[in-house]
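# Architecture and fold: a report
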Amino acid sequence: QKFLDSLPFDDSSFTLFYRGFGEFHEKQFDQAARDFDRAYEIAPTLYTGIGKALSDSIHQRKSDALDLLSGLEKQIRERGVGDPEAIYKIAEVYAVLGNKNSALHVLRISVESGFFSYPYIGKDPLLTDLHSDPEFAQILQIAHQRHETFRNSFFR
């Protein structure tokens, strides 16, 4: 809720996406879906597409969500997008949809590409269903190593 309260009150697609993301975490699913859908209507981008996939999951349109995520992954590969946080969010949505293999695959790419916030990844409620998978433990270990290296390099 603190995060939601910190957001500006505007109708930009980026703000609406993050508002929807916060609402999703707060289990305010109807409002989250409205904000995700509105953001996507305003500007169908990588981030708003991720939000649209979450909206599709809320509305029990798993096939639509998976198609959208697959298309976003293809765009990332074709365009050489270097946004490991966006890739991480795709992994979160795959996990929400119950597609563990895709979630783990994309999560590994995200961590290896530079999103290695070990404390966040380990506690992310959207990834809870992955915790029992040995591959998740391996990915989390990679994130931990990179996090520690970064911390030791910049915060001595």
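Preceding block: the structure.
Residues numbered from 1 in each chain as written. Predicted model: local features only at pLDDT ≥ 70, side-chain atom pairs only at ≥ 80, totals over all residues. Heavy atoms only, no water.

### Observations concerning the overall build of the chain
Counted only if it meets this: Secondary structure elements follow DSSP: runs of H or I no shorter than four residues count as helices, runs of E no shorter than two count as strands, and numbering proceeds from the N terminus. C-alpha atoms define the radius of gyration in this analysis, and the globule rule sets the expected value at 2.2 Å times the number of residues to the power 0.38. Exposure classes here rest on a 1.4 Å probe applied to the protein chains alone. A residue is buried below 20% of its type maximum, exposed above 50%, and partly exposed in between. Contacts are residue-level and defined by heavy atoms, with any inter-residue pair within 4.5 Å sufficient. Shrake-Rupley sampling with a 1.4 Å probe provides the accessible areas, and residues are treated as covered by the protein chains on show and by no other component. His is not counted here, nor are the chain ends, while Lys and Arg score as positive and Asp and Glu score as negative. A charge is said to be at NZ when it belongs to Lys, at CZ for Arg, at CG for Asp and at CD for Glu.
On a plain count of helices and strands, the chain comes out with 9 helices and 0 strands. Along the chain, helices and strands appear, N-terminal first, in the series α-α-α-α-α-α-α-α-α. Taken against the 2.2 N^0.38 rule, which gives 15 Å for 156 residues, the C-alpha radius of gyration of the chain at 16 Å falls within 12% of a compact globule. Dimensions of the chain along its principal axes, counting C-alpha atoms only, are 40 × 35 × 30 Å. Residue burial in the chain is summarised as follows: out of 156 residues, 42% are buried. Here the analysis covers contacts within the chain between residues at least 6 apart in sequence; of these, 57% occur between residues at least 24 apart. For the chain, the accessible surface area stands at approximately 8500 Å², while carbon and sulfur atoms represent 51% of it. Seen as two clouds, the 18 positive and the 23 negative side-chain charges of the chain have centres 4 Å apart.

### Thoughts on the nonpolar core
The condition is simple: What makes a nonpolar core is a set of buried Ala, Val, Leu, Ile, Met, Phe, Trp, Tyr and Cys residues whose side-chain atoms join them at distances within 4.5 Å.
In this structure, I90, L107 and I121 are the most contacted members of the largest nonpolar core, which totals 43 residues. Secondary-structure elements contributing two or more residues to this core are α2 (13-25), α3 (29-42), α4 (46-58), α5 (62-79), α6 (84-96), α7 (100-113) and α9 (134-154). With 8 residues, α6 is the single largest residue contributor to this core. Those residues in contact with I90 that lie beyond four places of it in its chain are L46, I50, L69, L72, E73, I76 and V106.

### A closer look at the pattern of salt bridges
Applicable threshold: Any carboxyl oxygen of Asp or Glu within 4 Å of a side-chain nitrogen of Lys or Arg constitutes a salt bridge here.
Per the counting criterion, the structure on display carries 11 salt bridges. R38 serves as the salt-bridge partner of D11, at 3.2 Å between the closest nitrogen and oxygen. Highlighted residues: D11 in the loop between α1 (2-6) and α2 and R38 in helix α3, separated in sequence by 27 residues. On the basis of relative accessible area, R38 is assigned to the partly exposed category, the value being 35%.

### As for the side chain of D56
In this fold, D56 is placed in helix α4. Beyond its immediate sequence surroundings of up to four residues, D56 is in contact with R61, K62, D64, A65 and L68.

### A few points about α2
Filter applied, for reference: Helix span is expected to be 1.5 Å times the residue number reduced by one.
Counted at 1.5 Å a residue, the expected span for α2 with its 13 residues is 18 Å, and the 18 Å between its end C-alpha atoms agrees. Along α2, 11 of the 13 residues are buried, which leaves the element largely enclosed by surrounding structure. Here α2 has its buried residues at S13, T15, L16, F17, Y18, R19, G20, F21, G22, E23 and F24. Once α2 ends, the next one or two residues include K27, with phi positive near 65 degrees.

### Brief notes about α3
Note on helix geometry: an α-helix contains 3.6 residues per turn, so any two residues three or four positions apart are oriented the same way. Going by this rule: This arc corresponds to the set of directions leading from the helix axis out to the C-beta atoms.
For α3, spanning 14 residues, the distance from its first C-alpha to its last is 20 Å, which sits close to the expected 20 Å at 1.5 Å a residue. Inspection of α3 places A32, A33, D35, F36 and A39 among the buried residues, and these make up the whole buried set. The buried side chains of α3 occupy one side of the element, clustering within an arc of 165 degrees when seen end-on. More than 90 degrees from the buried face of α3, the exposed residues found are D30, R34 and E41.

### Some details on unusual backbone geometry
Phi at K27 is positive, roughly 65 degrees, even though this residue is not glycine. Along the polypeptide, K27 turns up in the loop between α2 and α3. Even without a glycine there, the phi angle at Q60 is positive, about 60 degrees. Classification of Q60 as exposed rests on a relative accessible area of 69%.

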